[in-house]
4 protein chains.
Amino acid sequence: MTVNSRPARPARPVILGQNQYGKAENRVVKITRDGATHHIKDLNVSVSLSGDMDEVHYSGSNANVLPTDTTKNTVYAFAKEHGIESAEQFGIHLARHFVTSQEPIRTARIRIEEYAWERIEASDAETGHSFVRKGQEVRLTQITYDGSSWEVISGLKDLVVMNSTDSEFWGYAKDKYTTLKEAYDRILATEVSGRWRFNWTDDEQRVPDWETSYEQTKKHMLQAFAETYSLSLQQTLYQMGARIIDNRGEIDEVRFSLPNKHHFLVDLEPFGLKNDNEVYFAADRPYGLIEATVLRDGCEARIPVDLTNL
Amino acid sequence: MTVNSRPARPARPVILGQNQYGKAENRVVKITRDGATHHIKDLNVSVSLSGDMDEVHYSGSNANVLPTDTTKNTVYAFAKEHGIESAEQFGIHLARHFVTSQEPIRTARIRIEEYAWERIEASDAETGHSFVRKGQEVRLTQITYDGSSWEVISGLKDLVVMNSTDSEFWGYAKDKYTTLKEAYDRILATEVSGRWRFNWTDDEQRVPDWETSYEQTKKHMLQAFAETYSLSLQQTLYQMGARIIDNRGEIDEVRFSLPNKHHFLVDLEPFGLKNDNEVYFAADRPYGLIEATVLRDGCEARIPVDLTNL
Amino acid sequence: MTVNSRPARPARPVILGQNQYGKAENRVVKITRDGATHHIKDLNVSVSLSGDMDEVHYSGSNANVLPTDTTKNTVYAFAKEHGIESAEQFGIHLARHFVTSQEPIRTARIRIEEYAWERIEASDAETGHSFVRKGQEVRLTQITYDGSSWEVISGLKDLVVMNSTDSEFWGYAKDKYTTLKEAYDRILATEVSGRWRFNWTDDEQRVPDWETSYEQTKKHMLQAFAETYSLSLQQTLYQMGARIIDNRGEIDEVRFSLPNKHHFLVDLEPFGLKNDNEVYFAADRPYGLIEATVLRDGCEARIPVDLTNL
Amino acid sequence: MTVNSRPARPARPVILGQNQYGKAENRVVKITRDGATHHIKDLNVSVSLSGDMDEVHYSGSNANVLPTDTTKNTVYAFAKEHGIESAEQFGIHLARHFVTSQEPIRTARIRIEEYAWERIEASDAETGHSFVRKGQEVRLTQITYDGSSWEVISGLKDLVVMNSTDSEFWGYAKDKYTTLKEAYDRILATEVSGRWRFNWTDDEQRVPDWETSYEQTKKHMLQAFAETYSLSLQQTLYQMGARIIDNRGEIDEVRFSLPNKHHFLVDLEPFGLKNDNEVYFAADRPYGLIEATVLRDGCEARIPVDLTNL
């Protein structure tokens, strides 16, 4: 086996393209004690840095490489130094630090998952330090900073919703492979994966209230899902996005990836039974997958097309 | 390749032991309509049957085998015929049916996972058909019927809880491989997997109220977790079980499998920072695993020792 | 909130049943260097100890509790002190240590998952330190020692196999919920989860050759699957077990849990096409689940009935 | 609750952006019989279509929407009509069909996962229909067609590799959060997720040999991993990509996402033992994550930056 010397770059028609590196999935839990009443922030933080990194790829010289281990340490130190007011605010502290403190680093992208907890109601109603994980959606944010402007995209995943009626599907295009029967009353269910981009980019004195924004955005999205009489999942998706744009001035762009979690009405006639929209088989695969971006008029789309990898 | 004829049993020192078969993971969703207000039951039902099944193993004769496809059909048909009052009641209907309707089947075991949903609060507060999956624990039940008596074991899994204080660990045994430092204030977190066995076995006129029993059992378990000042996870586990036995007369036995989800205090001293029980690393593996049964005095243990496979 | 004092055991009709504790999923990788040729053992080791542990449950006294952290340290130290000849041999070292070195510990159960690696074939065929994970089945073993005798149960999981013909299913029992059509040529596919119990219990001078035993047992099992013309998955399962008992004198008992991974022939007639056993839909859920024990005549069954938790 | 009428688009400052829809994860297994010797293709096919789809989002009119159920049917029908020579060729058939047969559909993207099988060696070496799933990497391809040119990106995921020596890490940048010690002999392990883009775009008479290309590309990638004496994972990544560009003229661009699967040397000194690069703890999270594109000089980068979602 050959120990490689420096690759003979001049002789080789190969170049390096976009690259980034960092420590992924740093699990940090921060407890804030307000007397006997504790508060939790429970995050999964992934750091991704890019900049002047050609040499480490070409020759293995690490002179410009701040170790991923150091980025991990920074996450934990910053949880102490800056606290965790919100995932967004925490990500902003981290991104600014990496870009401004290390000359070769030009861009930092911080991705955070947040897990929500609620208090356990004790028998004498006094517990301030006992929690049960809420377990519903995972809250997401991604902060990108290039030294001059910010991009903040927040969102959620794993939020499963269902309308047991007020959904139809008919009047569609047909070809020789079409066998589907039209549906005038069906279950509409999906597992929401959504991202929304804030229009805030630089004014550090006027940052949005990230916690309120998240709660209200989720509320509007759920209400739009519930209140839309649906002729297609695309129509419901658009209403969910439009409702957010209409109500949240801090958000210019929303993207959803919505699997159509099919609930098939079971044919009970062979058993002499009538299934009047009562008994359904919840299928796994395949599933419809509906994806779209909804924008404030005049704004540019910047959220990547793929929120999932399939 | 040889097409096998009947295995020459007499010549072979091999016999068949315990066996069972059925259709696993039948996903059934039942919508009940009370005017515009709908109700959901969302179950994952696994059927396992045993009895006079030697021939199918020895010779491949299926004469005694009700197809697993038929057991699937029965799950869906029964959702219509009997409704789904509770997972327990639904399992009882199914188990009785298989044992009493097919002579070769002597025992039926029905295992059910249940996923909880809550209503989406719409803007004008009138939605009766829009739901979001609660996403916290998965509720479990297992019904076993042998033609004469019933065994009902219910429980839950995936319920993550945390006490951010009121937990210590010290005074333990030491040997030459012990390096752990004693802890006088630590996070105690676990993901509860629990099962509880009802003492009801046969009187069909006096079955427990399964829904109330579940809600109350979960409540007592959570309160015991929250209210126990813990010197070890074993002590907390015992209190959780004992609280259930104390308060729920219909339950004689409880078993828990509690992973100790370690939250390690991060050493911030290298960065000149003091970590006063504020910043933790939530570790994945390895984890402590504490498992025990708690019994009503005089009762026999019947819940299997292994709730998980590791 | 009440800090609990010792539970008033005499006044409480609650007792402790079976209990065990330890550190689960210790991921240990051992590199052995034979000059430039390296060898890997890659294990996931779970330790479970039981014995005189009432006090820690009742009062929180840890006097009899060797910390789970210590059991973790022991796993790593033993990898150095004893090496890892085989998962079975390593588990025997660990189990003996815990039972013989700590008076309160009466029984130790060591469970191990093993992941196989194979060498990367380099361009000049000399690499001795480069590996790719094989990725097929996960090898398993469970060692239990109570101070006098040993129980060794080995096995595997996640091994997916398929016969594309030589499988039929007909002549089964029917009831009013039966709609399945008989099949005279179908795909038979399953994901094998198997366990086999060795009859070795104590003679430390005559332990089986664990590595050879595993390779041969897997080979016989696969050949029995391939060579059985199957009238039911039960019949195939029995042949797989019987072949092992017939050929491996060190094994007295085998248990399999075999999901019937349904491959449904797709109906292409609506598109004017004939599907002559060519195009299949590989379904996820539900699935048939066939489970049985096969024993050497005269031997007792000791492998637990449930290899999975559904 | 309000049944929504058409959203009042003129009055609303909201517009639709990029959108796509289709049926994801169609599991198709194709058996080809060459006498008693069978061949398997085992695919997971996801269809994603886009084009003139504004109306279905704005008003719910499905007139331009070919149902996702139809796209599923097409996958199965095409497996019969065209066979599955390779995942790439199958995806090309599908993409061309959707774009050329439905006027509103302008672009089709087909993503395919492929699972490899190998033959079970029977005792008399004649089995032609018995297979065991290989279980190593998942092969990937993505075909995109817009009516004029093709983009083919293939790749793989879940391929775990390890060098047990010939890896160092030192000479890196340091800041106040740096505590990492330099390493002069460490394990280098990763789980490869890679994609490579073919330069073929339109000449239907000169398509690459997809099967050979995949086998050779994987081989070169593994050899580059094995044969690179590594000063950083970035350097290894670059060598893996460059080796492919050097050797496979049909490929112009490669992107890798390589988690640094840390194997930490366990400190055995507290137990009086020396760990001479023998015993490692295989950690889960956090992990370094190294991502980069390697290009043929003069070519444009088109593979998306994110191969995973964290």
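Residues numbered from 1 in each chain as written. Chains lettered and ligands numbered in written order. Predicted model: local features only at pLDDT ≥ 70, side-chain atom pairs only at ≥ 80, totals over all residues. Heavy atoms only, no water.

## A few points about the relation of the copies chain C and chain B
Item 1. For the pair chain C and chain B, the relating rotation is 180°, the translation along its axis is 0.0 Å, and the fit reaches an RMSD of 0.0 Å. Taken together, the rotation angle and the small translation identify this as a two-fold axis. (Least-squares fit on C-alpha atoms with pLDDT ≥ 70 in both.)

## Points about the packing of aromatic side chains
Item 1. Summed over all chains, the structure comprises 44 aromatic pairs over all chains.
Item 2. Pairing A:Trp170 with A:Tyr184 gives two aromatic rings, centres 6.2 Å apart and planes at 25°, and the pair type is stacked. Placement of A:Trp170 in the loop between strand 8 (150-163) and strand 9 (188-198) and of A:Tyr184 in the loop between strand 8 and strand 9 is noted, with a sequence separation of 14 residues between them.
Item 3. Judged by its relative accessible area of 35%, A:Trp170 is partly exposed.
Item 4. Aromatic pair C:Phe198 and C:Trp210: ring centres 4.8 Å apart, planes at 85°, arrangement edge-to-face. Highlighted residues: C:Phe198 in strand 9 (residues 188-198) and C:Trp210 in helix 4 (residues 210-227), separated in sequence by twelve residues. (Phe/Tyr/Trp six-rings, centres within 6.5 Å; stacked < 30°, edge-to-face > 60°. Helix = DSSP H or I, 4+ residues; strand = E, 2+ residues; numbered from the N terminus. Buried < 20%, exposed > 50% of the residue type's maximum accessible area, 1.4 Å probe, protein only.)

## Remarks on the UniProt feature "binding site: O2" (unreviewed entry) in chain A
Item 1. Mapped onto this structure's residue numbering, the UniProt feature "binding site: O2" (unreviewed entry) falls at A:Thr68 and A:Asn260. Spatial dispersion of the annotated residues is evident: they stretch over 193 residues in sequence, and the largest pairwise C-alpha distance comes to 38.6 Å.
Item 2. Taking the relative accessible area as the measure of exposure, A:Thr68 reaches 13% and is therefore buried.
Item 3. Setting aside chain neighbours within four positions, we find A:Thr68 in contact with A:Tyr21, A:Gly22, A:Lys23 and D:Gly288.
Item 4. For A:Asn260, the location among the structural elements is in strand 10 (residues 251-260). (UniProt positions renumbered as here; feature names shortened; annotations may be inferred. Contact = heavy atoms within 4.5 Å.)

## Some remarks on the domain arrangement of chain A
Residues and elements named next belong to chain A.
Item 1. The domain architecture assigned to chain A consists of domain 1 (19-148) and domain 2 (155-310).
Item 2. Inter-centroid distance (C-alpha atoms) of domain 1 to domain 2 is 29 Å.
Item 3. With 14 residues of domain 1 at the contact, the number on the domain 2 side is 14 residues.
Item 4. The junction of domain 1 with domain 2 conceals about 1,300 Å² of combined surface from both sides, 49% of it contributed by carbon and sulfur atoms.
Item 5. For the pair domain 1 and domain 2, the number of links is four salt bridges.
Item 6. Close ionic contact of Glu113 with Lys157 constitutes a salt bridge, the shortest N to O distance being 2.8 Å.
Item 7. In this assembly, domain 1 and domain 2 are joined by eight residue pairs in polar contact (both at pLDDT 80 or more).
Item 8. For the side of domain 1 that touches domain 2, the secondary-structure elements that each account for two or more residues are helix 3 (87-101) and strand 7 (138-145).
Item 9. With four residues, the single largest contributor to the side of domain 1 that touches domain 2 is helix 3. (Domains from an automatic or database assignment. Buried area = accessible area lost by both parts, 1.4 Å probe. Salt bridge = Lys/Arg side-chain N within 4 Å of Asp/Glu carboxyl O. Polar contact = N/O pair within 3.5 Å; in protein donor to acceptor, adjacent residues only side chain to side chain.)

## Structural notes on the interface of chain C and chain B
Item 1. In this assembly, 97 residues from chain C lie in contact with 97 residues from chain B.
Item 2. Between chain C and chain B the total buried area reaches about 8,400 Å² when both faces are included, carbon and sulfur atoms providing 50% of it.
Item 3. Across the chain C-chain B interface, the total number found is six salt bridges.
Item 4. A salt bridge links B:Arg111 to C:Asp306; its shortest N-O distance comes to 2.7 Å.
Item 5. There are 48 residue pairs in polar contact (both at pLDDT 80 or more) connecting chain C and chain B.
Item 6. Residue contributions to the side of chain C that touches chain B peak at eleven residues, all from strand 1 (residues 14-24) of chain C.

## Some details on unusual backbone geometry
Residues apart from glycine generally show negative phi values, whereas peptide bonds are mostly found in trans.
Item 1. Residue B:Pro286 follows B:Arg285 across a cis peptide bond; omega there is -10°.
Item 2. Topologically, B:Pro286 is positioned in the loop between strand 12 (279-282) and strand 13 (287-296).
Item 3. Positive phi values are uncommon outside glycine, yet B:Asp166 reaches one of about 65°.
Item 4. The backbone phi angle of C:Asn277 is positive, close to 55°, even though this residue is not glycine.
Item 5. Relative to the assigned elements, C:Asn277 resides in the loop between strand 11 (263-265) and strand 12 (279-282).

## Some details on helix 5 (residues 233-247) of chain A
Item 1. Over its 15 residues, helix 5 of chain A extends 21 Å from the first C-alpha to the last, a length consistent with the 21 Å expected when each residue adds 1.5 Å.
Item 2. In terms of burial, helix 5 of chain A is a largely internal element, 13 of the 15 residues being buried. (Expected span 1.5 Å × (residues − 1).)

## Here's the deal with the relation of the copies chain A and chain B
Item 1. Rotating chain A by 180° and translating it 0.0 Å along the rotation axis places it on chain B, where the RMSD comes to 0.0 Å.
Item 2. In this assembly the copies share their binding face: 100% of the residues contributing to the interface of chain A also contribute to that of chain B.

## Quick look at the interface of chain A and chain B
Item 1. Each partner contributes residues to the interface: chain A has 57 residues there, and chain B has 57 residues.
Item 2. Summing the contributions of chain A and of chain B, the shared interface buries around 4,900 Å²; its carbon and sulfur component is 58%.
Item 3. Three residues stand out in chain A for area buried against chain B, namely A:Lys80, A:His129 and A:Met162, and they jointly supply 12% of the buried area on that side.
Item 4. Between chain A and chain B we count four salt bridges in total.
Item 5. With a closest N to O distance of 3.8 Å, A:Arg33 and B:Asp185 form a salt bridge.
Item 6. Run the count over chain A and chain B and you get 30 residue pairs in polar contact (both at pLDDT 80 or more).
Item 7. When grouped by side-chain class, the residues that make up the side of chain A that touches chain B number 28 nonpolar, 14 polar and 15 charged.
Item 8. Note that strand 2 (residues 26-34) of chain A and strand 12 of chain B share three bridges and pair antiparallel. The residue of strand 12 of chain B that forms the bridge with A:Val29 is B:Tyr280. (Nonpolar A, V, L, I, M, F, W, Y, C, P; charged D, E, K, R; others polar. Pairing = 2+ DSSP bridges.)

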